[in-house]
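Chain by chain, the residues:
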Amino acid sequence: MAPSPRVRFAPSPTGFLHVGGARTALFNWLFARHTGGTFILRIEDTDTERTREEWVDGIQSTLRWLGLDWDEGPYRQSERAELYAEAAHKLVASGQAYVPEGEASVIRFRVPKEGVTSFTDLIRGEVSIKNDTLEDFVVVRSTGHPTFYMANAVDDVDMGVTHVIRGEDLLPSTARVLLLREALGTTEQPVFAHLPLLVGQDRQKLSKRHGDVALEDYRDKGYLAEALRNYLALLGWAPRDGREIVPIEDVVSEFQLEDVTKAAAYFDHQKLDHINGEYIRALPVATFVRESLPWLESDPPWPPENFDADVFDRMASLVQERVKTLAEVPGMVDFFFVDEVTYDEKSWQKAMKSPAAAVLDDAIVEYEKCEWEPTVLHQITLEVGERHGLKLAKAQAPVRVAVTGRSVGPPLFESLAVLGRERVLARLRAAWQRIGSEEEA
RNA sequence: GGCCCCAUCGUCUAGUGGCCUAGGACACCACCCUCUCAAGGUGGAGACACGGGUUCGAAUCCCGUUGGGGCUGCCA
């Protein structure tokens, strides 16, 4: 029986977890969960200059947010110095590594001048690299710290990693690491799977200059972890049945490395938005409310003390089906909590053309005495419109702009009902007066 | 430059020699539904980079060309 797979996600804590890294972590996690294997987290912090503890913490909390739990680790390479030193000593003693003249205290690996290093890649097939195209590379820096090649080779052997799943950008380094492993006395190879790169609009590897690459930013912009995770799984992989909204349990049970595509994928924000909208709409209303509260309570576009949780509760289900991110929620309900509406000029120009003033006038009269309930408000507005030869779509426009400030928003009559008669009437009168003063001017 | 990887609609993909007049999804357009906007429904436009082979038959296999990308660091 083949040993249970062991995979690792090995980020370097020199920055936040970015989208590409998260996808790599996800695919490792999916493979481990699918196969019943072990998912290891290993922090590759051999570059002491660039490593920062806040990144070590940040990467872990972001992985947790995404729901990617690890079974072992985090191991820290900075705490495993003696292993690498031992390996370096062994290489130097056997003549497979040396201290070059004029490059004080670094150690270089002596790459064999002949032969070919090849390996099996589950996604790309057999890959071969001629050894004579490789130069002797540094395995120990002048600081005494190991380089990526050394630490990576030693740790993968030591941790019994069976499958190396990582970005394609690391493909060329595979030959070096394999040569090192061999020199260290390890003959068996792990199985490799080099994932297609995630690219930006310019088709170049996703990096900081593309903006919006920090995973934590997506959380802060109102994306749901489940939605982001679902979208990330679709970058380079697709379920057999063509579904795109796929519960994570199904992804786990269907995921196979052999099915991963080879070509680089563009991270499409529009599709992410769509998927996030699907997830938001699928939320139980109570959950949607709970998830929305942070956006409503911190830095809202209204005086914070005006916020009324009951009002939001009543509107929640209507808002839920209209947003793609949680960040859009405050903008959908701001008119409930501001002291005075600010009119969107375009909406105003469009809605307040004649006979808008007359419609508002009639609405004020009728709204003053009618039963304050959505269906009644609906009916009355319909009738007011008819008096002026307007369909409801046209008749409701001035009311909507007067009350909410914009021509688009949640269903109007529910909104009026929740807002309350006094405030609605006050806003209708204010708008009516504004039309009057504009006509004079 | 050298080495390596890749190549189906704008984007993510399905497709593993005949089921392909190439399917789905996002985005886009039109219509329907409708109090606005969404959501939903229907329809539309839109791709096998090119050239050679192999084969009765190629998006699928092989070779080449072109194009794109990655690596080439005492980063990972």
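Residues numbered from 1 in each chain as written. Chains lettered and ligands numbered in written order. Predicted model: local features only at pLDDT ≥ 70, side-chain atom pairs only at ≥ 80, totals over all residues. Heavy atoms only, no water.

A. Looking closely at the pattern of salt bridges. Within the structure shown, the criterion is met by 31 salt bridges. Between R33 and D69 there is a salt bridge whose closest N-O contact spans 3.6 Å. Pair noted here: R33 is in helix α1 (residues 19-35) and D69 is in the loop between α2 (53-66) and β3 (72-76), with a separation of 36 residues, a long-range link. Exposure remark for R33: the relative accessible area of 23% places this residue in the partly exposed category. Close ionic contact of R52 with E54 constitutes a salt bridge, the shortest N to O distance being 2.7 Å. You can call R52 partly exposed: its relative accessible area is 42%. Salt bridges sharing common partners tie together R8, R42, E44, R80, D155, D156 and D158. (Salt bridge = Lys/Arg side-chain N within 4 Å of Asp/Glu carboxyl O. Helix = DSSP H or I, 4+ residues; strand = E, 2+ residues; numbered from the N terminus. Buried < 20%, exposed > 50% of the residue type's maximum accessible area, 1.4 Å probe, protein only.)

B. Local environment of the packing of aromatic side chains. Throughout the structure, instances matching the rule amount to 18 aromatic pairs. Centroid distance F137 to Y149: 4.9 Å. Interplanar angle 55°. Geometry classified as tilted. Pair noted here: F137 is in the loop between β7 (125-130) and β8 (138-140) and Y149 is in helix α4 (residues 148-158), with a separation of 12 residues, a long-range link. In this structure an aromatic cluster arises from ring pairing among W302, F307, F335, F336 and F337. The cationic tip of R219 hangs over the ring face of W65; the distance from NZ or CZ to the ring centre is 5.8 Å. (Phe/Tyr/Trp six-rings, centres within 6.5 Å; stacked < 30°, edge-to-face > 60°. Lys NZ or Arg CZ within 6 Å of the ring centre and 35° of its normal.)

All quantities given are derived from atomic positions and should not be read as evidence of function.
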